[in-house]
Amino acid sequence: AQTVTQSQPEMSVQEAETVTLSCTYDTSENNYYLFWYKQPPSRQMILVIRQEAYKQQNATENRFSVNFQKAAKSFSLKISDSQLGDTAMYFCAFEANSKLTFGKGITLSVRP
Amino acid sequence: DTAVSQTPKYLVTQMGNDKSIKCEQNLGHDTMYWYKQDSKKFLKIMFSYNNKELIINETVPNRFSPKSPDKAHLNLHINSLELGDSAVYFCASSPGQWDQETQYFGPGTRLLVL
């Protein structure tokens, strides 16, 4: 069974600064995918970024990038130039065998 | 145009009632899912259908019965509602049933059982 651990329940960052959200996972699978989803107060689940486990290169989407360390089973999300609209809950997720397993989430607050 | 839609957005009902939540996707995807997000915001998969066939059924009480009339729709019917069923239910879809596909979520249905 897969497990996804987000050990920090909440974080706070000053607008325009950089913040890193951590995530670790445990699996015996070789082929899998990792995701970060954002859930703002509107409750909508929004895909932020995804990483294929077979790719060594870290995924990047504008201000969002990941640090994927396969051997350490670590998948952290870096948000650069934080904006007020980044305030949300962030979920790390693991997908294998068509099944998405989520971490408990971290609440990120961006301070003006 | 909404990609994955759910109705209703809010549902307040009494214990013991039966209720349904509807989900539709206009993305042409083959696979649809139901997730439950509890009061602690923990998200867990309940069911997955590929082209109208059940492929994932987590340990969900049999009071919950998903129905897929066609591959664009996956409805969730809940019998004899209990207080613990109060949660936000999310529908999602992905192109197929392979691992490498991103799942797209609907806006969620907040169910409150009194």
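This text follows the structure it describes.
Each value, and the rule that gives it
Residues numbered from 1 in each chain as written. Chains lettered and ligands numbered in written order. Predicted model: local features only at pLDDT ≥ 70, side-chain atom pairs only at ≥ 80, totals over all residues. Heavy atoms only, no water. Contact = heavy atoms within 4.5 Å. Buried area = accessible area lost by both parts, 1.4 Å probe. Salt bridge = Lys/Arg side-chain N within 4 Å of Asp/Glu carboxyl O. Polar contact = N/O pair within 3.5 Å; in protein donor to acceptor, adjacent residues only side chain to side chain. Helix = DSSP H or I, 4+ residues; strand = E, 2+ residues; numbered from the N terminus. Phe/Tyr/Trp six-rings, centres within 6.5 Å; stacked < 30°, edge-to-face > 60°. Buried < 20%, exposed > 50% of the residue type's maximum accessible area, 1.4 Å probe, protein only. Patch = residues over 30% accessible without salt bridge, like charges linked within 9 Å, V, L, I, M, F, W, Y side chains within 5 Å. Areas by Shrake-Rupley, 256 points an atom, 1.4 Å probe, with all protein chains shown as cover. Core = buried A, V, L, I, M, F, W, Y, C linked by side-chain atoms within 4.5 Å. Disulfide = S-S within 2.5 Å.

Student: With reference to specific residues and values, describe the interface of chain B and chain A.
Tutor: On the side of chain A, 21 residues touch chain B, which itself brings 26 residues to the contact. Contact between chain B and chain A buries roughly 2,000 Å² in total, counting both sides, with carbon and sulfur atoms accounting for 50%. For the pair chain B and chain A, the interface holds 1 salt bridge. Ionic pairing is found between glutamate 58 of chain B and lysine 99 of chain A, a salt bridge with its closest N-O pair at 3.2 Å. Linking chain B with chain A are 7 residue pairs in polar contact (both at pLDDT 80 or more), by the criterion used here. Taken together, the elements giving at least two residues each to the side of chain B that touches chain A come down to β4 (31-37), β5 (43-50), β9 (87-94) and β11 (109-113) of chain B. Element by element, the count of residues in the side of chain B that touches chain A is highest for β4 of chain B, at 3 residues.

Student: Give me the lowdown on the packing of aromatic side chains, citing residues and values where you can.
Tutor: The relative placement of two aromatic rings is captured by the distance of their centres and the angle of their planes. Residue and element names in this part refer to chain A. Evaluated as defined, the whole model comprises 16 aromatic pairs over all chains. Taken together, a centroid distance of 5.9 Å and an interplanar angle of 55 degrees make the contact between tyrosine 37 and phenylalanine 102 tilted. Note that tyrosine 37 is positioned in strand β5 (residues 33-39) and phenylalanine 102 in strand β11 (residues 99-102), a separation of 65 residues in sequence. Note on accessibility: tyrosine 37 and phenylalanine 102 belong to one class, buried.

Student: Which residues make up a nonpolar patch on the surface, and what values do they have?
Tutor: Residue and element names in this part refer to chain B. On the surface, Val12, Leu112 and Leu114 cluster together to form a nonpolar patch covering roughly 270 Å² of accessible area. Within the secondary structure, leucine 114 is located in the segment after β11. Judged by its relative accessible area of 48%, leucine 114 is partly exposed.

Student: Talk me through the nonpolar core; I want residue IDs and the actual numbers.
Tutor: Formed by 27 residues in total, the largest nonpolar core has its most connected members in Leu21, Trp36, Leu77 and Tyr90 of chain A. Elements supplying a minimum of two residues to this core: β3 (19-21), β5, β6 (46-52), β8 (64-69), β9 (74-79), β10 (88-96) and β12 (106-111) of chain A. Looking at this core, the element that brings in the most residues is β10 of chain A, giving 5 residues. Once residues lying within four places of it in the same chain are set aside, the contact partners of leucine 77 of chain A are Val19, Thr20, Leu21, Trp36, Val48, Ile49, Phe64, Ser65, Val66 and Tyr90 of chain A. Within the second largest apolar cluster, 19 residues are counted, among which are Trp34, Ile78, Cys91 and Leu111 of chain B.

Student: Go over the state of the cysteines with me, naming the residues and quoting the values.
Tutor: Throughout the structure, instances matching the rule amount to 2 disulfides over all chains. Cysteine 23 of chain A shares a disulfide with cysteine 92 of chain A; S-S distance 2.0 Å. Since a negative S-S torsion denotes a left-handed disulfide, the cysteine 23 of chain A-cysteine 92 of chain A link at about -70 degrees is left-handed. Within this pair, whereas cysteine 23 of chain A is found in the loop between β3 and β4 (24-26), its partner cysteine 92 of chain A is found in strand β10, the two being separated by 69 residues in sequence. Accessibility expressed as a relative area gives 1% for cysteine 92 of chain A, which makes it buried. Put simply, cysteine 23 of chain B and cysteine 91 of chain B are joined by a disulfide, and their sulfur atoms are 1.8 Å apart. Residues cysteine 23 of chain B and cysteine 91 of chain B are joined through a disulfide that is left-handed, its torsion about the S-S bond being -80 degrees. Remark: cysteine 91 of chain B occurs in strand β9 and cysteine 23 of chain B occurs in strand β3 (residues 19-25); sequence separation between them is 68 residues.

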